[in-house]
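A structural walkthrough
The lines below spell out each chain.
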Amino acid sequence: MALELARENGAGIVGLGAYTAVASRAGLYLRNEGIAITTGNSYTVVAAAEAVLTALERLESPLSQVTAGIVGAAGSIGRGLTLLLSENVARLILVGNPEHPEKTRARLREVAAQMVRHLVGQLAKGRKFERGTLGATVAALDGLPNPEAEEEAFLRLADELVREGVVLLSSDIDAVLPGADVVITATNSLGKLVTPDNLKLGAVVCDLSRPPNVSREVADRRPDVLVIDGGVIEVPGRPDLGWDFGFEEGLAYACMAETMMLALEHHYQHTSIGSGVTVESILWMRNLAQKHGFTIADLRSFDRPLTERQWTRTLRARREARCAG
Ligand SMILES: NC(=O)c1ccc[n+]([C@@H]2O[C@H](COP(=O)([O-])OP(=O)(O)OC[C@H]3O[C@@H](n4cnc5c(N)ncnc54)[C@H](OP(=O)(O)O)[C@@H]3O)[C@@H](O)[C@H]2O)c1
C-alpha cells in the first residue's frame, strides 16, 4: 500500500522504517515491488558507532581497550556493527537469539568469519591497526589467507579467535554481557534483554532496538551505567519534518536520514537490504552524511536529551563504584 502510494507520487526511493525492515527480512520480501527501497541500516550503524564513540570520549575511555557486546549480532545492523567495531575494539562478544541456539551459533560463527575476512582485506590494503585491537590480533595470526579465499579459511581463523578468547559467541546474554564495557542492542526481540543485573560496572549501553531492549530499571538501579539511544540524527537546518516520533523539531531516526540522503543523491537503487549492510555501504553513508550535513543528535537516554546533571551523576557513580570495588 505504502509502496503503491510512493510509486504513484513519483518517489525515487522508499525508506522501510525499522519495523517494516525487520518484518520484510531486511527488505528482501519487497525487493521486486518495482521501486527502490532502503532499510536505512547502513547509516544506523554509522550513527550508533558515533554515539558510542562520543560517549566514550566524554568518559575518557579509549575504544581500543574496550570489550564490546553486540546483542543481535547475526542481524542486519548487528553484523554491520561487528565489522565496523572489529577494527577498533579489543574484544567482541556476539550475542544471538536464544530461541534456536544451534542455528544461532552457526550464524554467529559465520559473522565472525565475515569479520575476519574484512580485517584481512584491510590488512591486504596496508592498513595498520592500533596495538591491542582485534585488527592487530588478526594481523598477528599465522598464515593469513587471501581476502578472496573460501569461507572455510575464515571460519577456521574465527574459531582461533574464539579459542584465544578475543571473540565470544553466545546466546546466553546473562552469562556473557557482564563482560562487556560497551553494549549495543539491535534485535527484533520485544523483550527487555538488558537489565541492571547483567551489566558490567560503568558499562556504556547503546539501545538501537525498537521497541527498546534495555529495561528502564537500569536508569534507577545502575547510576554507574550510561544508557544512550542510538540512531538519532539532526537533519541539516533542523526543518519541520511534519512528524516528530517523540523528538524535538529537526531530529529523525538514522534509517529515515539514510532515505533522505539517498534521495538527495538521486540514488534510486536498493540500498542496505538483506545482509547487504556492507562496510562499503556503511562508509559511503558516513561520507554522504558529511557531504549533506547530517550529524548525530546530542546524546539522548530513554527518549530524552542527556542533561549535564545526568552526566555528572553518571561520572560520580562510576567513580564511587570503582572506589568501592
Ligand atoms: N534507531 C534506528 O534508527 C533504527 C533503524 C533501523 C532499525 N532499528 C531497530 O534495530 C533493530 C535491529 O534491526 P535489524 O534490521 O538489524 O533486524 P534483523 O536483521 O531482523 O536482526 C535482528 C537480530 O536479532 C536477533 N535476535 C532476536 N532475539 C534475540 C535475543 N533475545 N537475543 C539476541 N538476538 C536476538 C535475531 O535473530 P533471529 O534471526 O534468529 O530471529 C536477528 O539476528 C530492530 O529493533 C529495529 O527496529 C533501529
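Since this is a predicted model, take the numbers as computed values, not measurements.

What counts, and where the lines are drawn
Residues numbered from 1 in each chain as written. Predicted model: local features only at pLDDT ≥ 70, side-chain atom pairs only at ≥ 80, totals over all residues. Heavy atoms only, no water. Near = heavy atom within 4 Å. Polar contact = N/O pair within 3.5 Å; in protein donor to acceptor, adjacent residues only side chain to side chain. Areas by Shrake-Rupley, 256 points an atom, 1.4 Å probe, with all protein chains shown as cover. 1 Å grid on protein atoms, 1.4 Å probe; cavity = no way out; pocket = protein on both sides within 12 Å on 5 of 7 lines; lining within 4 Å. Sits in = over half its atoms within 2 Å of the grid points. Helix = DSSP H or I, 4+ residues; strand = E, 2+ residues; numbered from the N terminus. Nonpolar A, V, L, I, M, F, W, Y, C, P; charged D, E, K, R; others polar. Points joined across faces, edges and corners; volume = space filled by probe spheres on them. Buried < 20%, exposed > 50% of the residue type's maximum accessible area, 1.4 Å probe, protein only. Pairing = 2+ DSSP bridges. Salt bridge = Lys/Arg side-chain N within 4 Å of Asp/Glu carboxyl O. Phe/Tyr/Trp six-rings, centres within 6.5 Å; stacked < 30°, edge-to-face > 60°. Lys NZ or Arg CZ within 6 Å of the ring centre and 35° of its normal. Axes fitted to C-alpha atoms, helices over the stretch in contact; angles between N-to-C directions. Contact = heavy atoms within 4.5 Å. Core = buried A, V, L, I, M, F, W, Y, C linked by side-chain atoms within 4.5 Å.

Re the site of the ligand
- Ile 77, His 100, Arg 107, Thr 187 and Asn 188 are the nearest of the 29 residues found near the ligand.
- Between the ligand and Asn 41 there is a distance of 3.1 Å, counted from an oxygen atom to a side-chain nitrogen or oxygen.
- Within the side chain of His 100, one N or O atom sits 2.9 Å away from an oxygen atom of the ligand.
- When the ligand is considered free in solution it has 930 Å² of accessible area, and contact with the protein chains removes 90% of it.
- More than half of the atoms of the ligand fall within 2 Å of the grid points belonging to the largest pocket.
- If you list the elements that add at least two residues to the shell around the ligand, you get helix H2 (17-23), helix H3 (41-58), helix H4 (76-86) and helix H10 (254-264).
- When the residues that make up the shell around the ligand are grouped by side-chain class, the tally is 13 nonpolar, 14 polar and 2 charged.

A closer look at the layout of surface pockets
- By volume, the largest pocket is sized at about 1200 Å³.
- Lining the largest pocket are 43 residues; nearest its centre among them are Gly 75, Ser 76, Ala 186, Thr 187 and Asn 188.
- Mapped by element, the contributors of at least two residues to the lining of the largest pocket are H2, H3, H4, helix H5 (101-124) and H10.
- Residue classes in the lining of the largest pocket are distributed as 18 nonpolar, 19 polar and 6 charged.

Observations concerning the pairing of strand E3 (residues 67-71)
- The element E3 is extensively covered by neighbouring structure, given that 5 of its 5 residues are classed as buried.
- Looking at chain direction, E3 and strand E4 (residues 91-95) are connected through 5 bridges and run parallel. Bridging across to E4, Ala 68 finds its partner in Leu 92.
- Two strands pair when backbone bridges link them, and E3 and strand E6 (residues 182-185) are joined in this way by 4 bridges, in the parallel orientation. Each bridged residue has a counterpart across the sheet, and for Ala 68 the counterpart in E6 is Val 182.

Observations regarding the pattern of salt bridges
- Throughout the structure, instances matching the rule amount to 10 salt bridges.
- Across the salt bridge formed by Arg 221 and Glu 217, the nearest N and O atoms sit 3.0 Å from each other. Of the two residues, Arg 221 and Glu 217 are both situated in helix H9 (residues 217-221); the distance of 4 residues between them amounts to about one turn of the helix.
- For Glu 217, a relative accessible area of 40% corresponds to the partly exposed category.
- Members of the salt-bridge network, linked through shared partners, are Asp 197, Glu 217 and Arg 221.

Details of the packing of aromatic side chains
- In total, this model carries 3 aromatic pairs according to the counting rule given.
- Centroid distance Trp 243 to Phe 245: 6.1 Å. Interplanar angle 85 degrees. Geometry classified as edge-to-face.
- Classification of Trp 243 by relative accessible area gives partly exposed; the value is 37%.
- A relative accessible area of 49% means that Phe 245 is categorised as partly exposed.
- Measuring from centroid to centroid gives 4.9 Å for Phe 247 and Tyr 253, while their planes differ by 70 degrees, and the two rings are edge-to-face.
- Judged by its relative accessible area of 17%, Tyr 253 is buried.
- Connected via pairs of aromatic rings, a cluster forms that spans Trp 243, Phe 245, Phe 247 and Tyr 253.
- The ring of Trp 311 carries the charged tip of Arg 58 above its face, separated from the ring centre by 4.5 Å.

Describing the sheet that holds E6
- Across the sheet, which stays open at both edges, the 6 strands sit in the order E5-E4-E3-E6-E7-E8 with parallel pairing between neighbours. The sheet is open, and its two borders are formed by strand E5 (167-170) and strand E8 (226-229), each paired with just one other strand. If you compare each strand with its neighbour and ignore which way they point, the axes differ by 15 degrees on average.
- Running at roughly 170 degrees to E3, H4 makes contact with E3, E4 and E6 of the sheet.

Some points on empty space enclosed by the protein
- As enumerated under the stated definition, the model contains 1 cavity of 30 Å³ or more in all.
- Of the voids in this model, the largest cavity is the one considered here, and its volume is about 60 Å³.
- What lines the largest cavity is simply Ala 47, Ala 51, Asp 229, Gly 231, Val 232, Ile 296, Ala 297, Asp 298, Leu 299 and Arg 300.
- Counted by class, the lining of the largest cavity contains 6 nonpolar, 1 polar and 3 charged residues.

As for the nonpolar core
- Ranked by internal contacts, the top residues of the largest apolar core, which has 83 residues, are Tyr 43, Leu 94, Met 115, Val 116, Leu 161 and Phe 294.
- Non-local contacts of Leu 161, meaning those with residues more than four positions away in its chain, are made with Met 115, Val 116, Leu 134, Thr 137, Val 138, Leu 141, Val 166 and Val 167.
- By size, the runner-up hydrophobic cluster in this structure holds 17 residues, among which are Leu 177, Ala 180, Val 218 and Phe 302.

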